[in-house]
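What follows is each chain in one-letter form.
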Amino acid sequence: MFALRPALLSAPIAYRQVADQLGVPVGTRVPMTEVAQAVLTVRRGKGMVIEGAGPDGRSAGSVFLSPELTPAQARSLRTRRAPVNEFPDGSTRISASWLIRNAGFALGSRVVDGIRISSQQYTLVAEGDATAGGFADAIGVVLRRTLERTGVRLTPEIDFLGEWQTPAYDVP
């Protein structure tokens, strides 16, 4: 069940980029209208707000989760100056964007026909006559190259439906 409570202040701000946009420390509660504007500003800066017809306006949104690392992976990546983060739940994670960039993908680069990396962040966007199959293929390319070059397996965040319930992007 999903329920909302009327409130003038937000829940404590947990997302660092939103807190930075607001100019407040993480954990601060601020007026809801200010939070809404800050979230839109952060998302707009990543090409993640559907408005107009900009080149990154056909984003699939967040495509990969930030993966949990083993202690050995975390040690290895820290030697490469990777942004390895410890979370309150005890997990150690790294940004999927960092992994994708360090796997050799550049902003704006083509992954497969009709699908490229956004020019603003490391997510996938559609061009021309992109298809669900094209997205599945692009996810597979990113997964395989990232695993080969960083040793870390990304987890797709996208849920495919219908004929795409089991995309062909599984990697060992």
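Scroll up for the structure.
What you see is a predicted model; the values in this text were computed from it and never measured.

### Some details on the side chain of Ser-118
- Mapped onto the elements of the fold, Ser-118 is located in the loop between β5 (115–117) and β6 (124–126).
- Exposure remark for Ser-118: the relative accessible area of 1% places this residue in the buried category.
- A distance of 3.4 Å separates the side chain of Ser-118 from the backbone nitrogen of Gln-121, its partner in a polar contact.

### Regarding the nonpolar core
- Of all hydrophobic cores here, the largest spans 28 residues; its most connected members are Phe-64 and Leu-124.
- When residues of this core are traced back to their parent elements, those giving at least two are α3 (71–79), α4 (96–102), β4 (110–112), β5, β6 and α5 (132–150).
- Per-element tally for this core: the top contributor is α5, with 5 residues.
- Formed by 8 residues, the second largest nonpolar core is a distinct cluster that contains Ile-13, Ala-19, Val-35 and Ala-38.

### Overview of the environment of Val-35
- Summarising the element assignment, Val-35 is placed in helix α2 (residues 32–45).
- By relative accessible area, Val-35 is classed as buried at 14%.
- A C-alpha to C-alpha distance of 8.9 Å links Val-35 and Leu-9, two positions 26 residues apart in sequence.
- With residues near it in sequence (within four places) discarded, Val-35 still touches Ser-10, Ile-13, Leu-22 and Val-30.

### Regarding the packing of aromatic side chains
- Tallied over the full model, the rule gives 0 aromatic pairs.
- The ring of Phe-105 is capped by Arg-145, whose NZ or CZ atom sits 4.0 Å from the centre of that ring.

### Remarks on the environment of Ile-139
- With respect to the element layout, Ile-139 can be found in helix α5.
- Along the primary structure Ile-139 and Ile-115 are separated by 24 residues, whereas in three dimensions their C-alpha atoms are 9.7 Å apart.

### Brief notes about the sheet that holds β6
- Spatial ordering of the open sheet is given by β4-β5-β6, a layout of 3 strands whose pairing is antiparallel. Both outer strands of the open sheet, β4 and β6, are each paired with one neighbouring strand and no more. Strand-to-strand twist in this sheet, taken as the mean axis angle between neighbours without regard to direction, amounts to 40°.
- When β4 meets β5, the two strands line up antiparallel, connected through 2 bridges.

### Here we look at the side chain of Ser-10
- Summarising the element assignment, Ser-10 is placed in the segment before α1 (16–22).
- When near neighbours in sequence (up to four residues on either side) are disregarded, Ser-10 contacts Thr-28, Arg-29, Val-30, Met-32 and Val-35.

### Some thoughts on the pattern of salt bridges
- Counted by the stated rule, this structure contains 3 salt bridges.
- The partner of Arg-78 in a salt bridge is Glu-86, with the nearest N and O atoms 2.6 Å apart.
- Take Arg-78: its relative accessible area is 40%, and that puts it in the partly exposed class.
- With a closest N to O distance of 2.6 Å, Asp-113 and Arg-110 form a salt bridge. Note on accessibility: Asp-113 and Arg-110 belong to one class, exposed.

About the cut-offs
- Residues numbered from 1 in each chain as written.
- Predicted model: local features only at pLDDT ≥ 70, side-chain atom pairs only at ≥ 80, totals over all residues.
- Heavy atoms only, no water.
- Helix = DSSP H or I, 4+ residues; strand = E, 2+ residues; numbered from the N terminus.
- Buried < 20%, exposed > 50% of the residue type's maximum accessible area, 1.4 Å probe, protein only.
- Polar contact = N/O pair within 3.5 Å; in protein donor to acceptor, adjacent residues only side chain to side chain.
- Core = buried A, V, L, I, M, F, W, Y, C linked by side-chain atoms within 4.5 Å.
- Contact = heavy atoms within 4.5 Å.
- Phe/Tyr/Trp six-rings, centres within 6.5 Å; stacked < 30°, edge-to-face > 60°.
- Lys NZ or Arg CZ within 6 Å of the ring centre and 35° of its normal.
- Pairing = 2+ DSSP bridges.
- Axes fitted to C-alpha atoms, helices over the stretch in contact; angles between N-to-C directions.
- Salt bridge = Lys/Arg side-chain N within 4 Å of Asp/Glu carboxyl O.

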